[in-house]
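Chain and residue survey
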2 protein chains.
Amino acid sequence: MKWDIASHRDDKPAGRIRQKNEDIIIAAAEAEFAHNGFKGATMNNIAQRADLPKSNIHYYFKNKLQLYIEVLTNIIDLWDNALNDLDGDAEPGDALRAYITEKMRFSYEYPLASKVFAKEILSGAPRLAEYFNDDYQDWFNSKTHVFRRWAEQGKIDPVEPAHIVFLLWSSTQHYSDFEVQISAALGKKKLNKKDFEEATDVLCKIVIRGLGVKED
Amino acid sequence: MKWDIASHRDDKPAGRIRQKNEDIIIAAAEAEFAHNGFKGATMNNIAQRADLPKSNIHYYFKNKLQLYIEVLTNIIDLWDNALNDLDGDAEPGDALRAYITEKMRFSYEYPLASKVFAKEILSGAPRLAEYFNDDYQDWFNSKTHVFRRWAEQGKIDPVEPAHIVFLLWSSTQHYSDFEVQISAALGKKKLNKKDFEEATDVLCKIVIRGLGVKED
DNA sequence: GTCTATAGCCGGATAGAC
DNA sequence: GTCTATCCGGCTATAGAC
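Here the structure is a predicted model, which is why all the values come from computation and not from measurement. (Residues numbered from 1 in each chain as written. Chains lettered and ligands numbered in written order. Predicted model: local features only at pLDDT ≥ 70, side-chain atom pairs only at ≥ 80, totals over all residues. Heavy atoms only, no water.)

1. Things to note about the interface of chain B and chain A
Listed as interface residues are 53 residues of chain B and, on the opposing side, 53 residues of chain A. Summing the contributions of chain B and of chain A, the shared interface buries around 5000 Å²; its carbon and sulfur component is 70%. When the area that chain B buries against chain A is broken down by residue, the three leading residues are Leu-122, His-163 and Ile-206 of chain B, summing to 15%. Taken together, the connections running from chain B to chain A amount to 2 salt bridges. Residue Arg-209 of chain B is joined to Asp-157 of chain A by a salt bridge in which the shortest nitrogen-to-oxygen separation is 2.4 Å. The tally of links between chain B and chain A comes to 12 residue pairs in polar contact (both at pLDDT 80 or more). If you list the elements that add at least two residues to the side of chain B that touches chain A, you get helix H1 (16-40), helix H6 (111-122), helix H7 (134-152), helix H8 (161-177), helix H9 (179-186) and helix H10 (193-210) of chain B. A per-element tally of the side of chain B that touches chain A places H8 of chain B first, with 12 residues. Its residues assigned to classes, the side of chain B that touches chain A shows 28 nonpolar, 15 polar and 10 charged. (Contact = heavy atoms within 4.5 Å. Buried area = accessible area lost by both parts, 1.4 Å probe. Salt bridge = Lys/Arg side-chain N within 4 Å of Asp/Glu carboxyl O. Polar contact = N/O pair within 3.5 Å; in protein donor to acceptor, adjacent residues only side chain to side chain. Helix = DSSP H or I, 4+ residues; strand = E, 2+ residues; numbered from the N terminus. Nonpolar A, V, L, I, M, F, W, Y, C, P; charged D, E, K, R; others polar.)

Encoded structure:
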């Protein structure tokens, strides 16, 4: 793992009850951190969301920071493991459509994860300093590589790949991070699956055409 | 004004000292709220950033919420007054280029404003409920109108205008809100003006081409 | 393993001296 | 108009009963 903050969870036997309670607490913490950020979140609120006594949280997690790190680690692991990269062997149009669709599905299914991460970065990412180290740059370069190759092969226009990646990230995450604003703009109470699919269509169309992909 | 929360500042004479101190405090508060969010921010930190004793803050602003509302109001006023809409009379390519350029300049010049607003929305916007009312939907519809007209005139492809607006918002704000992640990805300490200009170019190119604008 | 009680600190807010 | 001193509530964290 790129980001190796030691976790006390590895030290103790993972009993059935322990595992279950830790999962409940992490889910509750994720919601609380998404709403109030690291500093604004309280162990009290987390306990209430988890429907457990407050000191129970302290029994399973050393302190607030530790719990927060666990939540962030969970989120990053989820994305790293479940989100497929752009498929460099496929045609650009197909690969981009698949990638955008998948990112939008993540925005729809894990809105809290995206929000916790976003708030941490907005705060200047003081608790992710280790994560955003030199390795991160290498990891990022591996993401841009596919665009460079497509450009060399004349399959897309030659535009700076880094900014393409930022565009893909920003436009897709926006639908989970700014959902409140978007639904207010659309006059809806909440966005549903169809809204996300419509957005996915528009994004695919604009990005694929915008990059100059030759479609059949 | 669309969003009419009464301010105590209107009630008192705006002396020279008062005006100056309030400006200092609001700037300090903006930075503090950007870093720690509403709940996480402390009056103590704001006082330190403003280099004033804590109770001075309470003298000028009734309480933390009031101060926060003032900061948010300032931000929204700034955007409403200084950000031009898309020019429907111009050619789509020119209008879009002008709009994207201006939004990116705002991201570069007022990164804190964008962050405070973003955090509020990520939190579910409980302190902007009044702002995101029915009027907001009308205001938003006036933004999408220009795309509808261009589509009717055959000047751009017929794609759902709302999602075009969201794409413009998300892709430009991303550079100020997620600056830490972006600079880490690019291996820089901080983004400079040239980075923003490069990003502007890429965004203009992809969006204009992606919407099927006929360029000369 | 679980919960109550509480220590100890820090937060927002105010009273009142200057 | 400015600042010191302070109240009180809520916060993290822990000690210790069960």
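2. Comments concerning the relation of the copies chain B and chain A
A rotation about some axis, followed by a shift along it, carries one copy of the chain onto the other. Expressed as a screw transformation, the operator carrying chain B onto chain A has a rotation angle of 180 degrees and an axial translation of 0.0 Å, and the superposed copies differ by an RMSD of 0.0 Å. The relationship between the two copies is best expressed as a two-fold rotation axis. Mapped onto chain A, 100% of the interface residues of chain B are again interface residues, and the two copies thus contact each other with one and the same surface. (Least-squares fit on C-alpha atoms with pLDDT ≥ 70 in both.)

3. Observations concerning the nonpolar core
Counting residues in each nonpolar core, the largest one holds 140 residues, and the members touching the most others are Leu-67 and Phe-147 of chain A together with Phe-147 of chain B. Beyond its immediate stretch of four places on either side in the chain, Phe-147 of chain B contacts Leu-86, Leu-96, Ile-156, Pro-161, Ile-164, Val-165, Leu-168 and Leu-211 of chain B. (Core = buried A, V, L, I, M, F, W, Y, C linked by side-chain atoms within 4.5 Å. Buried < 20%, exposed > 50% of the residue type's maximum accessible area, 1.4 Å probe, protein only.)

4. Side note on the protein's contact with DNA strand D
Surrounding DNA strand D, one finds 17 residues, the nearest of these being Met-43 and Lys-54 of chain A together with Ser-55, Asn-56 and Tyr-60 of chain B. Near-protein atoms of DNA strand D (within 4 Å) split between backbone and bases, with sugar and phosphate holding 61%. Asn-56 of chain B places a side-chain nitrogen or oxygen 2.9 Å from a phosphate oxygen of DNA strand D. Between Tyr-60 of chain B and DNA strand D, the recorded distance is 2.4 Å, taken from a side-chain N or O atom to a phosphate oxygen. Mapped onto the surface near DNA strand D, the elements with two or more residues apiece are helix H2 (43-50) and helix H3 (54-60) of chain A together with H1 and helix H3 (54-60) of chain B. A total of 4 residues in the surface near DNA strand D trace back to one element, the largest contributor, which is H3 of chain B. In terms of residue class, the surface near DNA strand D is made up of 6 nonpolar, 8 polar and 3 charged. (Near = heavy atom within 4 Å.)

5. A look at the protein's contact with DNA strand C
Near DNA strand C there are 17 residues, and of these Ser-55, Asn-56 and Tyr-60 of chain A together with Thr-42 and Met-43 of chain B occur at the shortest range. Sugar and phosphate atoms represent 59% of those atoms of DNA strand C found within 4 Å of the protein. Contact distances for DNA strand C include 2.7 Å between a base oxygen and a side-chain N or O atom of Ser-55 of chain A. Within the residue set of the surface near DNA strand C, elements represented by two or more residues are helix H1 (16-40) and H3 of chain A together with helix H2 (43-50) and H3 of chain B. Looking at the surface near DNA strand C, the element that brings in the most residues is H3 of chain A, giving 4 residues.

6. Quick notes on the pattern of salt bridges
Residues and elements named next belong to chain A. Applying the stated criterion across every chain, the model contains 17 salt bridges over all chains. For Lys-190, the salt bridge identified is with Glu-179, shortest N-O distance 4.0 Å. Placement of Lys-190 in the loop between helix H9 (179-186) and helix H10 (193-210) and of Glu-179 in helix H9 is noted, with a sequence separation of 11 residues between them. Under the relative-accessibility criterion, Lys-190 is labelled exposed at 57%. Glu-179 sits in the buried class, given a relative accessible area of 13%.

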